[in-house]
Amino acid sequence: MSDETDRIEAELLGLRPREVSQRLRAGLAAELDRRASRWVVWRPILGGALAAAAAIVMAVGWWWPRGNEVVKRDTAKDRPVVVSKVRTGPTMWSYARAAGQSPESLDAALARDAARLLRPVRGQKAYVGYQMPL
Amino acid sequence: MNSDRWRDWLGEHGSGLVLFARRWAPRQSDAEDIVQEAFVRFWRGRERVGEPVAYLYACVKRCAMDWRRTTERRTRREMGGAGERDECLFEPSGQDSERREAIEAALRRLPDEQRDVVVLKIWGGLTFQEVAGILDIPSNTAASRYRYALEALRAWLPEEVQQ
């Protein structure tokens, strides 16, 4: 830039914009304080609610019976293979115990059922629903 | 302490922010209202952004545009375009009042997009890249607008003011 534009720039830099008023300072102080105090009240309530919700979700996820598995037929060996592990939860184990079975036998029965049900299906993915032993 | 920190921020940037807001709100008091709202918004999100000063100016721009939308009709009716030029942009200083007035008048003559760049660069202390981010333009465009603005000011300002 030329010397003249540099001089203009210096002129501009020499000017001071009007200071903010006391009204703005006071208004801002009141508004920020109001928001801060509101946050102080709501933070523990929100935190507690979130923690409780997370605990409920985790508990439901753990106790909910999960009896489905994905089974695919292995075309090379001409037999169904279990793609995802059999996932039985504590609720299902308690059903199994009530029926006089061990959790391990429940898993084995599930895998057997899957193999039987899938025998006619060749090279396809299938979703096998699990039925309660009771 | 938190309260001291916002006071520091306001002390350092407040006058530049109000000057920037006055592009949309010609009255100083309206511009201060805009800055207040923008500052509250900025204070909430300041820790999540990389360039807080640029973010602060961007908040002012957004709030100013919102303000303009909601009050434009009313302002036009009430003020009729008069009176908005009465309030000075800069601190009055006794011996330099003529110079200040001439520069203010020249600044007001600038197209809005050039005036924005000058205000953000000179009184906001921002880089062209930051200015470009706030105004949603390429940084080369910001630099060229700045250059055009200075050339226009040089042409408009009386010779004695430049000395």
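Keep in mind the model is a prediction, meaning the values are calculated, not measured.

Draft legend 1. View of the overall build of chain A. Of regular secondary structure, chain A possesses four helices and three strands. Beginning at the N terminus, the succession of helices and strands in chain A can be written as α-α-β-β-α-α-β. Per-residue burial over chain A gives 14% buried out of 134 residues. Put simply, 59% of the contacts in chain A that link residues at least 6 apart link residues at least 24 apart.

Draft legend 2. Expanded view of the packing of helix H6 (residues 128–135) of chain B against helix H7 (residues 139–156) of chain B. All names here are of chain B. Contact pair H6 / H7: the axes reach a minimum separation of 8 Å and the direction vectors enclose 105 degrees. Between H6 and H7, the interaxial angle falls into the category roughly perpendicular. Within the contact between the two elements, H6 uses Phe128, Gln129, Val131, Ala132 and Leu135 and H7 uses Ser139, Thr141, Ala142 and Ala143. Of the residues that constitute the contact of H6 with H7, the class distribution is six nonpolar, three polar and no charged.

Draft legend 3. Looking closely at the interface of chain A and chain B. In this assembly, 24 residues from chain A lie in contact with 28 residues from chain B. Elements supplying a minimum of two residues to the side of chain A that touches chain B: helix H1 (3–13) and helix H2 (22–63) of chain A. Along the lines of polarity and charge, the residues of the side of chain A that touches chain B split into 10 nonpolar, three polar and 11 charged.

Draft legend 4. H6 of chain B, seen in detail. Turning to H6 of chain B, its buried residues number three or more, namely Phe128, Glu130, Val131, Ala132 and Ile134 of chain B. Looking one or two residues past H6 of chain B, Asp136 of chain B carries a phi angle of roughly 60 degrees, positive in sign.

Draft legend 5. Spotlight on unusual backbone geometry. Residue Asp136 of chain B is not a glycine yet carries a positive backbone phi of 60 degrees. Residue position: Asp136 of chain B is located in the loop between H6 and H7.

Draft legend 6. Examining the nonpolar core more closely. Residues and elements named next belong to chain B. In terms of nonpolar packing, the biggest core is built from 53 residues, with Ala21, Ile34, Val35, Tyr57 and Val60 touching the most fellow members. Top element by residues in this core is helix H3 (residues 52–79). It accounts for 11 residues. Not counting residues within four places of it along the chain, the set of residues in contact with Ala21 comprises Ala31, Ile34, Val35, Val60 and Ala64.

Draft legend 7. View of the packing of H1 of chain A against H7 of chain B. In contact at an axis separation of 9 Å, H1 of chain A and H7 of chain B are set at 90 degrees when each is read in the N-to-C sense. Of the possible angle classes, the one that applies to H1 of chain A and H7 of chain B is roughly perpendicular. Along its contact with H1 of chain A, which presents Glu4, Thr5, Ile8 and Glu9 of chain A, the element H7 of chain B presents Leu150, Glu151, Leu153 and Arg154 of chain B. Across the contact of H1 of chain A with H7 of chain B, the residue classes break down as three nonpolar, one polar and four charged.

Draft legend 8. Expanded view of the confidence of the model for chain A. All names here are of chain A. Residues of chain A with pLDDT of at least 70 account for 46%, and the chain-wide mean is 69. At the low end of the mean pLDDT range in chain A sits strand S3 (residues 125–128), at 43; at the high end sits H2, at 86. Taken together, the stretch residues 120–134 has pLDDT below 50 and engages in 33 contacts with residues farther than four places along the chain or on a different chain.

Draft legend 9. Quick peek at the environment of Ala21 of chain B. All names here are of chain B. Following the sequence through the fold, Ala21 ends up in helix H1 (residues 2–21). C-beta crowding within 10 Å serves as the criterion here: with 25 such atoms nearby, Ala21 is assigned to the buried category. Along the chain, Ala21 and Ala31 lie 10 residues apart, while their C-alpha atoms are 5.2 Å from each other.

The rules we used
- Residues numbered from 1 in each chain as written.
- Chains lettered and ligands numbered in written order.
- Predicted model: local features only at pLDDT ≥ 70, side-chain atom pairs only at ≥ 80, totals over all residues.
- Helix = DSSP H or I, 4+ residues; strand = E, 2+ residues; numbered from the N terminus.
- Buried ≥ 20, exposed ≤ 12 C-beta atoms within 10 Å, placed from the backbone.
- Contact = placed C-beta atoms within 7 Å.
- Axes fitted to C-alpha atoms, helices over the stretch in contact; angles between N-to-C directions.
- Parallel < 35°, antiparallel > 145°, perpendicular 65-115°, else oblique.
- Nonpolar A, V, L, I, M, F, W, Y, C, P; charged D, E, K, R; others polar.
- Core = buried A, V, L, I, M, F, W, Y, C linked by C-beta atoms within 7 Å.
- pLDDT = per-residue confidence, 0-100.

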